[in-house]
Amino acid sequence: MTEQPAPPRRRVRAGMVVSLAAVVALAGGGVWWTVHERGGAAPEQLTLVSGLPGGVYHSLGEALQHATEGTDAQVTARQTAASVVNLEMLASGEADVGFALADITALAVSGEGPFEEPLGIRTVARLYDNHTHLVVLEDSPVEQLTDLAGGTLSVGAAGSGTEFLAHRFLEIAGLDAEAGTDAVQPVSMSLTESVHALEHGRVDAFFWSAGVPTQAVTELAERTSVRLIDLSEWAAPLTERHGAHFEEVPIPVDTYPGVPGVRSVGISSLLVVREDLGTKTVEQLTETLFDSRADLVQVHPGIRQLSERTAIGTLPVPLHEGAVNYYERAKVAHRSALEN
């Protein structure tokens, strides 16, 4: 496959950049297009940026593509490295809809963190809680995050929410570059690459942030004895330093075959859109999201957390006007049903 050239990305600071050419390569090439609204007409096709194969965003992206077929807000899912890349592509107009972690989205709209200026992003819904995974082989000497001092760690794909979160953990734990000989050697790998590298001893552990269970981790646990490291002690320091996006969450026993349960750090996943996407389009997309909830739960059980009541909890990132219209309609319908 010939890698296609891509325009330079200007909004993400050095050290957290993934080129759009790399994103195109990840997507397997091909032609992608978006027909934007003209004169108030709904788009024929929207581009939805999801995540990498084996992850929840990728599976949900494909499911939403199927769910929106025949609607006025039909999406075509495109795989990417996820959160940071997705937000950049929405802001540049290369994509219309996407998935992103709440903490990174908040930085995008305020122009902080890896973003040099505020990005035009709005939310459709808070979907479910992502769980942070730190995965090691069962016989690894690593019992806690700080045991990785001087080791090699896959921090996730370049431009992903996992990578951004992993560096936050390393900074707070005193394992970043300033730690000298105790510094962890971070390597950027996709989930598939991370799994392969752990199995073959090329990394001591890998980070992964997603809903549970994640297919690729399930398949790893079926082949190889692995453990998850308890990360709950870092929830409070992350909140203190980076805001109230983090909470302690469980990864129950046997979420993955034969893997003991641990406590970890959770962050909300959001469905986000360009702020200039048409109101009717986003209202239709929001309606389809809720109408297809039962089917989406079959793709990933985390969608059971999705409800009209919890979906609006996306602040400090505001809801898109079209999503607000849907939630207002849903509230009126609910009130009418109660009265009757």
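As shown above, the structure is provided for reference.
What comes next is a walk through the structure. These numbers were taken from a predicted model, which means no experiment stands behind them. (Residues numbered from 1 in each chain as written. Predicted model: local features only at pLDDT ≥ 70, side-chain atom pairs only at ≥ 80, totals over all residues. Heavy atoms only, no water.)

1. Things to note about the pairing of strand S4 (residues 121–137)
Stage number 1. Most of S4 is tucked away, with 15 of its 17 residues classed as buried.
Stage number 2. Judged from the 9 bridges that link them, S4 and strand S10 (residues 262–274) form a sheet pairing that is antiparallel. Residue His-131 lies in a different strand from S10, and its bridge partner there is Gly-266.
Stage number 3. Relative to strand S7 (residues 205–210), S4 is paired through 5 bridges, and the arrangement is antiparallel. In the strand pairing of S7, Thr-132 is matched with Ser-209. (Buried < 20%, exposed > 50% of the residue type's maximum accessible area, 1.4 Å probe, protein only. Helix = DSSP H or I, 4+ residues; strand = E, 2+ residues; numbered from the N terminus. Pairing = 2+ DSSP bridges.)

2. With respect to helix H9 (residues 279–291)
Stage number 1. Across its 13 residues, H9 extends 18 Å between first and last C-alpha, which sits within 8% of the 18 Å expected from 1.5 Å per residue.
Stage number 2. Looking at H9, one finds that the buried residues are Thr-281, Val-282, Glu-283, Leu-285, Thr-286, Thr-288, Leu-289 and Phe-290. (Expected span 1.5 Å × (residues − 1).)

3. Quick word on the packing of aromatic side chains
Stage number 1. One pass over the full model with this rule turns up 5 aromatic pairs.
Stage number 2. Centre to centre, the rings of Phe-290 and Tyr-327 are 5.8 Å apart; their planes meet at 85 degrees, and the pair counts as edge-to-face. One end of the pair, Phe-290, is in helix H9; the other, Tyr-327, is in helix H12 (residues 321–339), and 37 residues separate them in sequence.
Stage number 3. Phe-290 gets classed as buried once you look at its relative accessible area, which sits at 5%.
Stage number 4. Through successive ring pairs, a cluster of aromatic residues spans Phe-290, Tyr-326 and Tyr-327. (Phe/Tyr/Trp six-rings, centres within 6.5 Å; stacked < 30°, edge-to-face > 60°.)

4. Some details on unusual backbone geometry
Stage number 1. The omega angle of the peptide bond from Val-212 to Pro-213 is -5 degrees, so this bond is cis rather than trans.
Stage number 2. With respect to the helices and strands, the residue Pro-213 is situated in the loop between S7 and helix H7 (215–223).
Stage number 3. In this chain, Leu-315 is followed by Pro-316 through a cis amide linkage whose omega measures 15 degrees.
Stage number 4. Not every positive phi belongs to a glycine, and Asp-254 is a case in point at roughly 65 degrees.
Stage number 5. Mapped onto the elements of the fold, Asp-254 is located in the loop between strand S9 (247–251) and S10.

5. Observations regarding empty space enclosed by the protein
Stage number 1. Counting across every chain of the model gives 2 cavities of 30 Å³ or more.
Stage number 2. Estimates place the volume of the largest cavity at around 210 Å³.
Stage number 3. Elements that contribute at least two residues to the lining of the largest cavity include exactly helix H2 (56–67), S4, helix H5 (161–172), helix H6 (191–199) and S7.
Stage number 4. The biggest single contributor to the lining of the largest cavity is S7, with 4 residues. (1 Å grid on protein atoms, 1.4 Å probe; cavity = no way out; pocket = protein on both sides within 12 Å on 5 of 7 lines; lining within 4 Å. Points joined across faces, edges and corners; volume = space filled by probe spheres on them.)

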